Amino acid sequence: ELHTSSLSFLCRHHTLHQISRNQTLTELWFEAALKKSPPVDSLFTADKKPRISSHQIEWPEAPVLERILHSSLCRYSPKTLLRLCEQHGYWRGCVELMCRLGRRHCAVEVVVQLGDIQLVQCTQEWGDLPATVTEWEHLLSLMSSQHPPNTTESTLTWDRIAVTLIDKLGTAQCCRVLSQVELPPQCLPDGFMHLVYKCSTNEASQRSACRSLLEKYDSYLWSPKLSALSPHFQHLIDRERHRKQQKRDNFIGSSPLVVQKGEGTTHVLEDG
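To keep things clear, this report deals only with the structure shown in the data block. Bear in mind that the values here come from a model prediction, so they are computed numbers and not experimental data.

Here we come to helix H10 (residues 158-169). The end-to-end C-alpha distance of H10, which contains twelve residues, comes to 16 Å, matching closely the 16 Å that a straight helix rising 1.5 Å per residue would cover. Taken residue by residue, H10 has Trp-158, Ile-161, Ala-162, Thr-164, Leu-165, Ile-166 and Leu-169 as its buried positions. Each element contacted by the buried residues of H10 is listed here: helix H8 (118-121), helix H9 (133-145), helix H11 (171-180) and helix H12 (192-222). Among the residues trailing H10, Gly-170 stands out with phi positive, at a value near 90 degrees.

Here is the structure:
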């Protein structure tokens, strides 16, 4: 067993690269950091599920945990590290490792249990979650099964998730996803349809503006162009040519070797 004193010794006298050479030592280091965890009751519910907002609790060894998760160490034993995170209630690590292992639906379940809208609205270390239509359908199904929520602490509400869904997927995909999920009666906010209509109108306006801009650009590219340059550009080119000619004349005038031509003969003048 790796004690806290041993962990401190490793941090002082070994680099991360040196420790990464030994997979077992890495796992022991990670587990030792997890053992200095917050109180268990603040991380787990009575049925051993993630407690609402428990991912926001500060961990004493969080820098060590994040350092291992975001380094090359993690790729050697992600399943073992995930098991340790689940065992000790380090939920941010759980979500990140689940995404790396392709268990994104499980990661969505943890996010719903944590009940924090910020995990859905903002891009995290593991990227957007949910990211695909199927993942959004899974999240909405989980929320429907928990309706009404068991606690008022959750910020993952229907009002907020509806706005986020439109922002992430757009109105067309949003309506398609909602049509595939059996939603609880009257779960969506009263002004939701008006918001969908407003956002749909804005999207149509943006598409129209982009199409018009592309058509104008395409028309310009294929239209006949004048071969003559504008007076301004012609003046710049003439000035540059004149400057280069002056430099060439100055170089010839200062050269020690001068070639003079006259009456069919050539004389070469050299210094000395």
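Read on for the rest.
Taken as a whole and judged by the stated rule, the model has two aromatic pairs. Centroid distance Phe-44 to Trp-91: 5.3 Å. Interplanar angle 75 degrees. Geometry classified as edge-to-face. Here Trp-91 lies in helix H6 (residues 91-100) and Phe-44 lies in the loop between helix H3 (23-35) and helix H4 (62-69), a separation of 47 residues in the sequence. Overall, Phe-44 belongs to the buried group, its relative accessible area being 10%. Ring plane angle 75 degrees and centroid distance 5.0 Å describe the contact between Trp-59 and Tyr-90, whose orientation is recorded as edge-to-face. Of this pair, Trp-59 sits in the loop between H3 and H4 while Tyr-90 sits in the loop between helix H5 (78-88) and H6, and the two are 31 residues apart along the sequence. Exposure class is identical for Trp-59 and Tyr-90. Each is buried.

Attention now moves to the pattern of salt bridges. Taken as a whole and assessed by the stated rule, the structure comprises six salt bridges. One salt bridge connects Lys-168 with Asp-128, and the closest N-O pair in it is separated by 3.7 Å. Here Asp-128 lies in the loop between H8 and H9 and Lys-168 lies in helix H10, a separation of 40 residues in the sequence.

This next bit is on the packing of H5 against H6. Helix-helix packing: each pair is described by the crossing angle between the helix axes and the interaxial distance. Two elements in contact, H5 and H6, have axes whose closest approach is 8 Å; the angle formed by their N-to-C orientations is 150 degrees. Between H5 and H6, the interaxial angle falls into the category roughly antiparallel. Considering the relative orientation of H5 and H6, their crossing is left-handed. Residues Pro-78, Leu-81, Leu-82, Cys-85 and Glu-86 of H5 pack against Trp-91, Gly-93, Cys-94, Leu-97 and Met-98 of H6. Taken together, the residues that form the contact of H5 with H6 break down as eight nonpolar, one polar and one charged.

A few words on the side chain of Thr-171. Considering the arrangement of structural elements, one finds Thr-171 in helix H11. A polar atom in the side chain of Thr-171 sits 2.9 Å from the side chain of Glu-203. In contact with Thr-171, not counting residues within four places along its chain, are Ile-166, Val-196, Cys-199, Ser-200 and Glu-203.

Calculation rules
The written sequence of each chain sets the order in which its residues are numbered from 1. Local features in a predicted model are, by the rule used here, given only for residues with pLDDT of at least 70; side-chain atom pairs are given and counted only at 80 or more, and totals for whole chains, interfaces and linings are based on all residues. Side-chain metrics rest on all non-hydrogen atoms present in the structure, leaving aside hydrogens and water. Helix and strand assignments follow DSSP, with helices taken as H or I runs no shorter than four residues and strands as E runs no shorter than two, numbered in order from the N terminus. A helix is expected to reach a length of 1.5 Å times the quantity of its residues less one. Classification of residues uses two cut-offs on accessible area relative to the type maximum, computed with a 1.4 Å probe and protein chains only: under 20% is buried, over 50% is exposed, and between them is partly exposed. The contact criterion used is simple: two residues touch if any of their non-hydrogen atoms lie within 4.5 Å. Any pair of Phe, Tyr and Trp rings, taking the six-membered ring for Trp, is counted once the centres come within 6.5 Å. Such a pair is stacked with planes under 30 degrees apart, edge-to-face with planes over 60 apart, and tilted for the rest. Any carboxyl oxygen of Asp or Glu within 4 Å of a side-chain nitrogen of Lys or Arg constitutes a salt bridge here. In this description, a line fitted to the C-alpha atoms serves as the axis of each element, helices being fitted only across the stretch in contact, and the angle between N-to-C directions of two axes falls anywhere from 0 to 180 degrees. Working definition: roughly parallel below 35 degrees, roughly antiparallel above 145 degrees, roughly perpendicular at 65 to 115 degrees, and oblique for all remaining angles. By convention the crossing between two helices is left-handed if the near helix lies anticlockwise of the far one by an angle smaller than a right angle, and right-handed if it lies clockwise. Here the nonpolar group is Ala, Val, Leu, Ile, Met, Phe, Trp, Tyr, Cys and Pro; Asp, Glu, Lys and Arg are the charged ones; every other residue, Gly included, is treated as polar. Counting of polar contacts relies on pairs of N or O atoms within 3.5 Å, with two restrictions inside protein: one atom must be capable of donating a hydrogen and the other of accepting it, and residues adjacent in sequence are counted only when both atoms are side-chain atoms.

That is the geometry; function is a separate question.
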